Amino acid sequence: METAPKPGRDIPPKKDKLPTKKKRPRRYWEEETTPTAAAASPGPPPNKKRNRELRPQKPKNTHTAKKSRVSRKPQIVQKPRERRDAEPPRSLSGAQDPFPGPAPVSMEVAQKFRRIDKSKKLPHSKSKTRSRLEVAEAEEEEISVKAARSELLLTEEPGFLEGEDGEDTAKIRQADIVEAVDIASAAKHFDLNLRQFGPYRLNYSQTGRHLAFGGRRGHVAALDWVTKKLMCEINVMEAVRDIRFLHSEALLAVAQNRWLHIYDNQGIELHCIRRCDRVTRLEFLPFHFLLATSSETGFLTYLDVSVGKIVAALNARAGRLDVMTQNPYNAVIHLGHSNGTVSLWSPAMKEPLAKILCHRGGVRAVAVDSTGTYMATSGLDHQLKIFDLRGTFQPLSARTLPQGAGHLAFSQRGLLAAGMGDVVNIWAGQGKASPPSLEKPYLTHRLSGPVHGLQFCPFEDVLGVGHSGGITSMLVPGAAEPNFDGLESNPYRSRKQRQEWEVKALLEKVPAELICLDPRALAEVDVISLEQAKKERIERLGYDPESKAPFQPKPKLKGRSSTASLVKRKRKVMDEEHRDKVRQSLEQQPQKQEKAVKPTGARPSALDRFVR
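Residues numbered from 1 in each chain as written. Predicted model: local features only at pLDDT ≥ 70, side-chain atom pairs only at ≥ 80, totals over all residues. Heavy atoms only, no water.

Trainee: Give me the lowdown on the overall build of the protein chain, citing residues and values where you can.
Mentor: For the protein chain, the helix and strand inventory stands at nine helices and 28 strands. Among the 612 residues that make up the protein chain, the fraction classed as buried is 34%. Pairs at least 24 apart in sequence give 46% of the contacts found in the protein chain among residues at least 6 apart. Of the roughly 43,000 Å² that the protein chain leaves accessible, carbon and sulfur atoms contribute 53%. (Helix = DSSP H or I, 4+ residues; strand = E, 2+ residues; numbered from the N terminus. Buried < 20%, exposed > 50% of the residue type's maximum accessible area, 1.4 Å probe, protein only. Contact = heavy atoms within 4.5 Å. Areas by Shrake-Rupley, 256 points an atom, 1.4 Å probe, with all protein chains shown as cover.)

Trainee: Account for the pairing of strand E20 (residues 383-388), naming residues and giving values.
Mentor: With six of six residues buried, E20 is to be regarded as a mostly interior element. The alternating pattern of E20 places Gln383, Lys385 and Phe387 on one face and Leu384, Ile386 and Asp388 on the opposite face, and all of these are buried. Note that strand E19 (residues 374-379) and E20 share five bridges and pair antiparallel. Residue pairing across strands places Ala376 opposite Ile386, the latter belonging to E20. Between E19 and E20, which follow one another and run antiparallel, lie three residues, and His382 among them has a positive phi close to 65 degrees. For E20 and strand E21 (residues 395-400), the ladder comprises five bridges, and the chain directions are antiparallel. Considered in E21, the bridge of Gln383 is made with Thr400. As consecutive antiparallel partners, E20 and E21 are separated by six residues, and within that stretch Gly391 has a phi angle of approximately 95 degrees, a positive value. (Pairing = 2+ DSSP bridges.)

Trainee: Tell me what's going on with the UniProt feature "repeat: WD" (unreviewed entry) in the protein chain, and back it up with residues and numbers.
Mentor: Listed under "repeat: WD" (unreviewed entry) in the UniProt record, and renumbered for this structure, are residues 356-390. Within the segment residues 356-390, helix and strand shares are 0% and 57% respectively, and the terminal C-alpha atoms sit 13 Å apart. (UniProt positions renumbered as here; feature names shortened; annotations may be inferred.)

Trainee: Pulling in residues and values, what's your account of the pattern of salt bridges?
Mentor: By the definition in use, this model includes 19 salt bridges. Taking the shortest distance from any N to any O, the salt bridge between Glu460 and Lys188 comes out at 2.5 Å. Here Glu460, found in the loop between strand E26 (451-456) and strand E27 (462-467), pairs with Lys188, found in the loop between helix H6 (183-186) and strand E1 (190-193); they are 272 residues apart in sequence, far enough to count as distant. With a shortest N-O distance of 3.3 Å, Glu283 and Arg244 are connected by a salt bridge. Within this pair, whereas Glu283 is found in strand E10 (residues 279-285), its partner Arg244 is found in strand E6 (residues 240-245), the two being separated by 39 residues in sequence. On the accessibility criterion, Glu283 (9% relative accessible area) is buried. (Salt bridge = Lys/Arg side-chain N within 4 Å of Asp/Glu carboxyl O.)

Trainee: Please provide a residue-by-residue account of empty space enclosed by the protein, values included.
Mentor: A complete count under the given rule lists one cavity of 30 Å³ or more for this structure. Estimates place the volume of the largest cavity at around 60 Å³. If you go around the largest cavity, the residues you meet are Ser205, Gln206, Thr207, Leu246, His247, Ser248, Glu249, Glu488, Ser489, Arg493 and Trp501. Looking at the lining of the largest cavity residue by residue, the classes come out as two nonpolar, six polar and three charged. (1 Å grid on protein atoms, 1.4 Å probe; cavity = no way out; pocket = protein on both sides within 12 Å on 5 of 7 lines; lining within 4 Å. Points joined across faces, edges and corners; volume = space filled by probe spheres on them. Nonpolar A, V, L, I, M, F, W, Y, C, P; charged D, E, K, R; others polar.)

Trainee: I'd like a description of the packing of aromatic side chains, backed by residues and values.
Mentor: Here a ring pair, both rings aromatic, is described through the centre-centre distance and the interplanar angle of the planes. With the rule as written, the count across this model stands at four aromatic pairs. Judged by centre distance (5.7 Å) and plane angle (70 degrees), the ring pair of Tyr200 and Phe213 falls under edge-to-face. With Tyr200 in strand E2 (residues 200-204) and Phe213 in strand E3 (residues 210-215), the pair connects residues that are 13 residues apart, well separated along the chain. According to the relative accessible area criterion, Phe213 is buried, its value standing at 4%. Judged by centre distance (6.0 Å) and plane angle (55 degrees), the rings of Phe484 and Tyr492 are tilted. Since its relative accessible area comes to 35%, Phe484 is described here as partly exposed. (Phe/Tyr/Trp six-rings, centres within 6.5 Å; stacked < 30°, edge-to-face > 60°.)

Trainee: A description of the nonpolar core should follow, citing residues and the corresponding values.
Mentor: Core analysis: the biggest nonpolar cluster contains 32 residues, and Val424, Ile426, Leu463 and Val476 have the highest contact counts within it. Of all elements in the fold, only E2, E3, strand E4 (219-224), strand E24 (423-427), E26, E27 and strand E28 (470-475) reach the threshold of two or more residues within this core. Not counting residues up to four positions away in its chain, the partners in contact with Leu463 are Tyr204, Ala417, Val424, Ile426, Leu454, Gln455, Phe456, Thr472, Ser473, Met474 and Val476. Counting residues in hydrophobic clusters, the runner-up holds 28 residues, among them Tyr302, Ala312, Leu321 and Val332. (Core = buried A, V, L, I, M, F, W, Y, C linked by side-chain atoms within 4.5 Å.)

Trainee: Any chance you could break down the environment of Asp168 for me, citing the residues and the numbers?
Mentor: Within the secondary structure, Asp168 is located in the loop between helix H4 (127-150) and helix H5 (174-180). On the accessibility criterion, Asp168 (24% relative accessible area) is partly exposed. Beyond its immediate sequence surroundings of up to four residues, Asp168 is in contact with Lys440 and Pro441.

Trainee: Tell me what's going on with unusual backbone geometry, and back it up with residues and numbers.
Mentor: In this structure, the amide linkage connecting Gly198 to the following residue, Pro199, adopts the cis form with an omega of -5 degrees. Residue placement: Pro199 occurs in the loop between E1 and E2. Of note in this structure, Met237 is not a glycine but carries a positive phi near 60 degrees. Relative to the helices and strands, Met237 resides in the loop between strand E5 (229-235) and E6.

Trainee: Please set out the sheet that holds E24 residue by residue, giving values where relevant.
Mentor: Note: strands within a sheet are paired through backbone hydrogen bonds, in either parallel or antiparallel orientation. The four strands lie next to each other as E22-E23-E24-E25, forming an open sheet whose pairing is antiparallel. Strands with a single pairing partner mark the edges of an open sheet, and in this sheet they are strand E22 (407-410) and strand E25 (443-446). Taken over all neighbouring pairs, the strand axes of this sheet differ in orientation by 15 degrees on average, direction set aside. Relative to strand E23 (residues 416-420), E22 runs antiparallel, the two sharing four bridges. Bridge pairing links His407 to Gly419 in E23. (Axes fitted to C-alpha atoms, helices over the stretch in contact; angles between N-to-C directions.)

This is how it looks when you write it as structure tokens:
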């Protein structure tokens, strides 16, 4: 019986169809390709595994002769390819960059970041030293250009106040400014009515976020003045003469009637420093961790808060010290005295670095701008003067005030505020590096009581005023730097960031011995001392070792010019030259002694024959 063949048997299998190559989609930024070019373009790489299977495999035990490393084929020298004109880089859309290359930087902006003075050069410097200086100058120039170019990334710009149709800005009231600004800026203007415990002294933290103030009748408080959140509030039951934040807002120094006290941000007393007694004014040097205090007894004391030791206690010998400020540029303390002079002090010197005669009467207030270039003083003669601190100490401008300024303060951008009774006047200049013009005030504000303390808030257009009626926060457009360095003074840092910053600041603490008038002199070579040391060395040795170039032995052949033999020959020649010079100096010594014993023009004596 025949059976039907099953499907699939005795039927040749169908060949698999080759997969058709799909056409690659063209992107919108790619150019169209011609069909000839598409055909000539190589396809996908062949499958390496399939090719490996088709190759004939060699037996494992057969040994083949090694090929010579020297190629027998004649080497053809390839000509270098001619480079075509490189097209400018295109973006994804195919458009060219309209501003290729780095952004241009003006030399005036780059000059602001330079620290090396190229005009000063070392006389008779060696080639190695000269090359190192050239490398340092090149690196410094490149860094200054990068820093100047990074200013394009700053997001904020300084504000200013301008009147309409020639209107005098001094007539603009604080209420008008509050109505014109946004809500966030308007909230920065406030008044604290604290007549019960006034008058008040105040201080802002380095970041400008926290405010501390102390009243004459013992009231001490600290708060986040932006959010109006109170940190601590205590009454020390003693007169408070001054108050200062230390390196962070977590520590607070209060000059009370008898001694100096340190509190934390919770109002807990940590230390009572009895060696600093009857303190009148406080200043904190942030880069040196030094707290400077002036007292009624006429002593200027430097306290290192990182280790808790007194670095220096200097007697100014000028009576009671009520006027004190610091130079933010070089950390020099300025003291105002009752004889009309201002003295400049450093903990490394027991005498003042300089004394400036400023007024005919006693000095009432002193302030120094952030660049350390200008100093403002006011005295009992009702004079307000601006001095140049760049080595000349000469007055640049002066103005007679009706009452005389009892308190002065400079802003970060060079605005000068003066408290005269219950009136605050603010003068502005042409910019940060220019002195303020005393001809016409920029702003004027009247308070509810006489002024007792002034300070501009860092990185905010705010002036804090402490008076007998409490605390007033004024809006001063264009007073502060609009951009802050987040690694140095960050107002929005967390507790962890503050702790890490404290550790880094302690590691980078500047020693107190380096405080001087010109901090750039620390990086320069003292040429005068170098020449004096050279002269003393010549007198001690009897010859100049650097007058003649050192001997360089010539190399010999056949392995006789090893390093040891060269050094040996070099030392031998140097020893011979040294013996000759010492022999000459010994021969000249008796002649010098004879000249010293027998001065020219002296009468001969009968006892000269006994002198040998």
